[in-house]
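# Tertiary structure, described
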Amino acid sequence: MKLEGKGITTIVICVTVIFVLLGVLTLVAVLTDDNKETSSEAKTEKTALQKEVEEERDSVVISEPLEGDPYQELDELIGLEDVKEEVRSLANFVKVQKMRQDKGLKVPKMSYHLVFTGSPGTGKTTVARIVARIYKDLGILKRGHTVETDRSGLVAEYMGQTAVKTNAIVDSALNGVLFIDEAYSLVPDSKSNGDYGQEAISTLLKRMEDDRDKLVVIIAGYPDEMKRFINSNPGLQSRFNRYINFPDYTSEELFRIFLMYTKKNEYILNNEASVYLRERLEEVVAHKNRNFGNARYVRNIFEKSIQRQANRLTRMRNPQATDLTEIRKEDLEGLI
């Protein structure tokens, strides 16, 4: 009996040990899977963060085509009447050439690349995005997205890297528009730091030829600088022959742009603030310099004014809905 009792006890102990070991192994497996998942998530997070940092550093922004009618969006832009007319004229020309092609008639070889000239904040990037969508609508581009960059996104710091960097940007823009802001900086006035800019231009021109059926390039910048840039290279002259000039906004157009921001964000200018803003914008436009930011300037004023409003409202005991939406003169004073 004693032996039987000892045998049973031994069996129970063995079974218990087995269950404990199985439990430990299961726990280890779960923890390992969790660590793998966490590691994978962290890796994905890190990759996304690195990509975001790299894009910010290199000034590369990819804008997917928005839903809706690009022609209507073009018409709804404040001001820019001559620009709108130029874009409509270009679209009409492309439509007619496609009709001729469908009828078996000769179609002249044309370039869809564009040069946008004008001061900062005059809507060049916005119109470039609209043009990309119009080109998609016309069947010129399959995707219609916009890749926006500048010199820093194309030119590397070391020899042999610029072509790789430029090709990567072009690859991301295929079937869409590559928009290069301040393109003239690829050929600086001083040749001391313009060594790799020419390499970027040569690479870009080759890709524009190799991928002519799926790449449209829009370059932008100040009028005089862009003229110098185009004239610096025969390849640029042959590929960029359609110019659209973006004039500075008038004080009234800037006022309407400010109202557009208020409406979009559910704010309201009261009468006193409205009068003050009009007067100050007239004064600013009358004395603006070459670097005046136009719509960017107004956007900055709007953002600072609602920050001022927030500071003011936190001192109120119980702000009402009207208080939360109203922008007053005191929120604008000193900003313009």
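This one's a predicted model, so the numbers in the text were calculated from it and none came from an experiment.

### Thoughts on the packing of helix 3 (residues 81–102) against helix 4 (residues 124–138)
Contact geometry of helix 3 with helix 4 gives a least axis separation of 11 Å together with a crossing angle of 15°. By the angle class used here, helix 3 and helix 4 are roughly parallel. Seen from above, helix 3 lies across helix 4 with right-handed handedness. Together, V83, V87, L90, A91, V94, K95 and K98 of helix 3 and V127, V131, I134, Y135 and L138 of helix 4 make up the contact between the two elements.

### A look at the layout of surface pockets
The calculated volume of the largest pocket comes to roughly 1100 Å³. Contributing to the lining of the largest pocket are 39 residues, with L77, G123, T126, R129 and Y261 lying nearest its centre. Elements supplying a minimum of two residues to the lining of the largest pocket: helix 2 (70–75), helix 4, strand 3 (146–149), helix 10 (251–264) and helix 12 (295–313). Among the elements that make up the lining of the largest pocket, the one with the highest residue count is helix 4 (seven residues).

### Digging into the nonpolar core
Formed by 51 residues in total, the largest nonpolar core has its most connected members in F116, V127, Y135, I218 and L332. For this core, the element with the most residues is helix 4, which contributes eight residues. With residues up to four places along the chain from it excluded, the contact list for Y135 reads L90, Y112, L114, I140, L141, V177 and V216. In terms of nonpolar packing, the next biggest core, distinct from the first, is built from 30 residues, V147, M208, M226 and F229 among them.

### Here's the deal with the environment of Y249
Checked against the element boundaries, Y249 lands in the loop between strand 6 (243–246) and helix 10. When its relative accessible area of 6% is taken as the criterion, Y249 is described as buried.

What counts and how
Just so you know, the residues in each chain are numbered from 1, in the order the chain's sequence is written. It should be noted that, the model being predicted, local features are given only for residues of pLDDT at least 70 and side-chain atom pairs only at 80 or more, the latter also being counted only at that level, while totals for whole chains, interfaces and linings use all residues. Each side-chain value is worked out from all heavy atoms of the structure, with water and hydrogens disregarded. To obtain each axis, a line is fitted to C-alpha atoms, and for helices this fit is confined to the stretch in contact; angles are then taken between N-to-C directions over 0 to 180 degrees. A run of DSSP states H or I qualifies as a helix once it reaches four residues; a run of E qualifies as a strand once it reaches two. Both are numbered from the N-terminal end. The scheme is simple: roughly parallel for angles under 35 degrees, roughly antiparallel for over 145, roughly perpendicular for 65 to 115, oblique for anything else. What makes a crossing left-handed is the near helix being turned counterclockwise from the far one by less than a right angle; a clockwise turn instead makes it right-handed. In what follows, a contact means two residues having at least one pair of non-hydrogen atoms within 4.5 Å. Every definition here rests on a 1 Å grid over the protein atoms only: cavities are sets of points where a 1.4 Å probe fits but cannot get out, pockets are open sets enclosed by protein on both sides within 12 Å along at least five of seven lines, and lining residues have some atom within 4 Å of a point. Grid points are joined across faces, edges and corners, and a volume is the space filled by probe spheres set on the points. By convention a nonpolar core is built from buried Ala, Val, Leu, Ile, Met, Phe, Trp, Tyr and Cys residues, the set being connected through side-chain atoms within 4.5 Å. Each residue is placed in one exposure class: buried if its accessible area under a 1.4 Å probe, protein chains only, is under 20% of its type's maximum, exposed if it is over 50%, and partly exposed if it falls in between.

Read these as layout, nothing more, since geometry by itself doesn't imply function.
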